[in-house]
Amino acid sequence: MSFLKNARIRTKVLSLIIPSCLLGFGAVLYVSDHYKATDTTYADFITNDAGGEINMAIASQRFVAIVYDAYQTLAYDPDTAGMKRAEDDYQASTKRLFDLIEQTKTLLPADKDVLEEFAAEARAVVRITDDAVKAGAANDNDRAKALLADADGKVATVLPKIREWINNYSEAIDNKRGQLSAETDRTILSSLLGLGVVFLAGIALSLFVTVRGITGPIENLRGRMLSLADGETEREIAGVDRRDEVGQMAAAVAVFRENAIERVRLARDAEASRSMSEQERLQREAQKAQEAADTKFAVDGLAAGLQQLSAGNVAYRIPTPFVAQLDGLRLDFNASLEKLQDTLVQVGQNARGIDAGANEIRAAADDLSKRTEQQAASVEETAAALEEITTTVKDSTRRAEEAGALVARTKQGAERSGEVVRNAVTAMRAIEKSSGEISNIISVIDEIAFQTNLLALNAGVEAARAGEAGKG
């Protein structure tokens, strides 16, 4: 208890503020570290677990696509563009399958043995489909069909294992997601509880130090001053041995007590000196009354100041000066209250800083929850985008089929137009031939007419020569 008695009020307040700040700062670091660890765990979960599940889902599709691409080689003749495309698709699907398995082994090292078993079974299927593709490229369809039938049987055995692993891992991911959410909730709750305990402990310690080291002694001193003002001078002044501001005020009150005792002694001396002259007695009594009034004024002023201080009014000051020998006490009292007010202002500022730190912690917790919700929303948006892409591909396929039908109808129209043109050309040639024949006929008729005219002319000449006889 020597600290509460001897340390100054500023030191007592700082002894509460500094540890509280250090505890608050340590609590903030502790909570921040837990939030960081939780965030890192969740990021690894999204990157590794969810990524591994997606890779294996795609790998199961590629596993089926390998057999489908191998079957396509049966639909095309060797050395055709369709055969080349089917072989390229088969090679791409095979490479993609094993790349996905290797990536998943890197993301999920704990499942490396199971994934390696899947890869070995897939390689066994690929060896069969490789032979089937070679047979199909060589137009040996019977052997290719037999190999592909064998591959179908192995795929029917391996594929359910892969899908079962995917389903089990999906359930494990859901469970882990729930565990991470629960861990986040526990971190938030434990952080808030820890901070609450720290703050309650700081408040309790502050109240203890304040009551035992500041307000309690001041209240006791105020009561003793009131009793001293009533003339009770027998009891000692408690707190004179203190080294803080309360001890200084107790020392000043002890001066009042000594003055009161001295006044009593002087009263006794006055009683004993009744033989003195009346004038001298009156002067001494007047002086004693003045001293008593000055002392009572000073005691009442300090009592009023201590009462205001016990009520929490640290802004109160004693404005009226005391007598010269007692005014130093007033100045010391006012100075002590000035220091106490400054210290309490600093306490308020530090309390607001601690409150701001708590608000930042709460904001960090809210931000972590929002990030969790945003990542879940991103996964849902990705699924919606994939569904829209699938719809777009289906629409594109339908429109391509419609365009193909339109091209076919256009081709048929063009062929019919060519036939009409060829018929028109043939008709024009026939008309041209008929025109030539008509021209020949007209030429013959012209020659006949010319010969007829010539014969008529000859007949006219012969008739002229015959004269009258020839006219007939």
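Summarised in this report is the structure supplied together with it. (Residues numbered from 1 in each chain as written. Predicted model: local features only at pLDDT ≥ 70, side-chain atom pairs only at ≥ 80, totals over all residues. Heavy atoms only, no water.)

The secondary structure content of the protein chain amounts to nine helices and zero strands. Mapped in sequence order, the helices and strands of the protein chain form the string α-α-α-α-α-α-α-α-α. In the protein chain, once contacts between residues fewer than 6 apart in sequence are set aside, the share between residues at least 24 apart is 74%. Looking at the protein chain as shown, the accessible area adds up to about 29,300 Å², and 58% of this sits on carbon and sulfur atoms. (Helix = DSSP H or I, 4+ residues; strand = E, 2+ residues; numbered from the N terminus. Contact = heavy atoms within 4.5 Å. Areas by Shrake-Rupley, 256 points an atom, 1.4 Å probe, with all protein chains shown as cover.)

Along the chain, the position of N55 falls in helix α2 (residues 9-72). By relative accessible area, which is 11% here, N55 ends up buried. Residues contacting N55, with those up to four places away along its chain left out, are L100, Q103, T104 and L107. (Buried < 20%, exposed > 50% of the residue type's maximum accessible area, 1.4 Å probe, protein only.)

Running from N to C, helix α3 (residues 81-107) and helix α4 (residues 112-137) cross one another at 170°; their axes reach a closest spacing of 10 Å. On the basis of their axis angle, the class for α3 and α4 is roughly antiparallel. Along its contact with α3, which presents M83, E87, Y90, T94, L97, F98, I101, T104 and K105, the element α4 presents K112, L115, E116, A119, A122, R123, V126, T129, D130, V133, G136 and A137. Residues belonging to the contact of α3 with α4 are distributed by class as follows: 11 nonpolar, four polar and six charged. (Axes fitted to C-alpha atoms, helices over the stretch in contact; angles between N-to-C directions. Parallel < 35°, antiparallel > 145°, perpendicular 65-115°, else oblique. Nonpolar A, V, L, I, M, F, W, Y, C, P; charged D, E, K, R; others polar.)

One non-glycine residue, N139, lies in the positive phi region at around 65°. Here N139 lies in the loop between α4 and α5 (141-229). Since its relative accessible area comes to 45%, N139 is described here as partly exposed.

Across its 33 residues, helix α7 (residues 278-310) extends 47 Å between first and last C-alpha, which sits within 8% of the 48 Å expected from 1.5 Å per residue. Listed in full, the buried residues belonging to α7 are K288, D294, T295, A298, V299, G301, L302, A303, G305, L306 and L309. Immediately downstream of α7, the backbone of G312 shows phi near 95°, a positive value. (Expected span 1.5 Å × (residues − 1).)

Right, let's talk about the environment of P321 for a bit. Of note, P321 is situated in the loop between α7 and α8 (324-466). Each C-alpha atom, one on P321 and one on G301, is 9.6 Å from the other, the two residues being 20 residues apart in sequence.

Bringing the side chain of T129 into the picture now. Its location among the elements puts T129 in helix α4. You can call T129 buried: its relative accessible area is 0%.

Turning to the nonpolar core, a few remarks are in order. Within the largest apolar cluster, 32 residues are counted, with the highest numbers of intra-cluster contacts made by M56, F63, L97, I162 and W165. Only α2, α3, α4 and α5 provide two or more residues apiece to this core. Sort the elements by how many residues they give to this core and α5 lands first, with 11 residues. Excluding anything up to four places from it in sequence, L97 contacts A59, R62, F63, I66 and A122. By size, the runner-up hydrophobic cluster in this structure holds 26 residues, among which are L228, A252, A298 and L340. (Core = buried A, V, L, I, M, F, W, Y, C linked by side-chain atoms within 4.5 Å.)

Topologically, I101 is positioned in helix α3. With 46 residues separating them in the primary sequence, I101 and N55 have C-alpha atoms 7.3 Å apart. Look past the residues within four positions of I101 in its chain and what remains in contact with it is L115 and A119.

Within this structure, the stated rule accounts for two aromatic pairs. Considering the side-chain rings of W165 and Y169, the 4.9 Å spacing of their centres and the 15° angle between planes classify their relative orientation as stacked. Residue W165 and its partner Y169 are both found in helix α5; the two are separated by four residues, about one turn of the helix. (Phe/Tyr/Trp six-rings, centres within 6.5 Å; stacked < 30°, edge-to-face > 60°.)

So, about the pattern of salt bridges. Within the structure shown, the criterion is met by nine salt bridges. The closest approach of N and O atoms between K105 and E102, which form a salt bridge, is 3.2 Å. Of this pair, K105 and E102 are both found in helix α3, three residues apart, which corresponds to roughly one turn of the helix. Using a relative accessible area of 11% as the deciding quantity, one classes K105 as buried. In this structure, the salt-bridge partner of D300 is K296, at a minimum N-O distance of 2.9 Å. On the criterion of helical spacing, the pair formed by D300 and K296 is a turn pair, its members being four residues apart in helix α7. Taken together, the shared-partner salt bridges connect E102, K105, E116 and R123 into one network. (Salt bridge = Lys/Arg side-chain N within 4 Å of Asp/Glu carboxyl O.)

This part covers a nonpolar patch on the surface. The grouping of F450, L454, L457 and V461 at the surface amounts to a nonpolar patch, some 370 Å² of accessible area in total. Residue V461 is classed as partly exposed on the basis of its relative accessible area of 36%. (Patch = residues over 30% accessible without salt bridge, like charges linked within 9 Å, V, L, I, M, F, W, Y side chains within 5 Å.)

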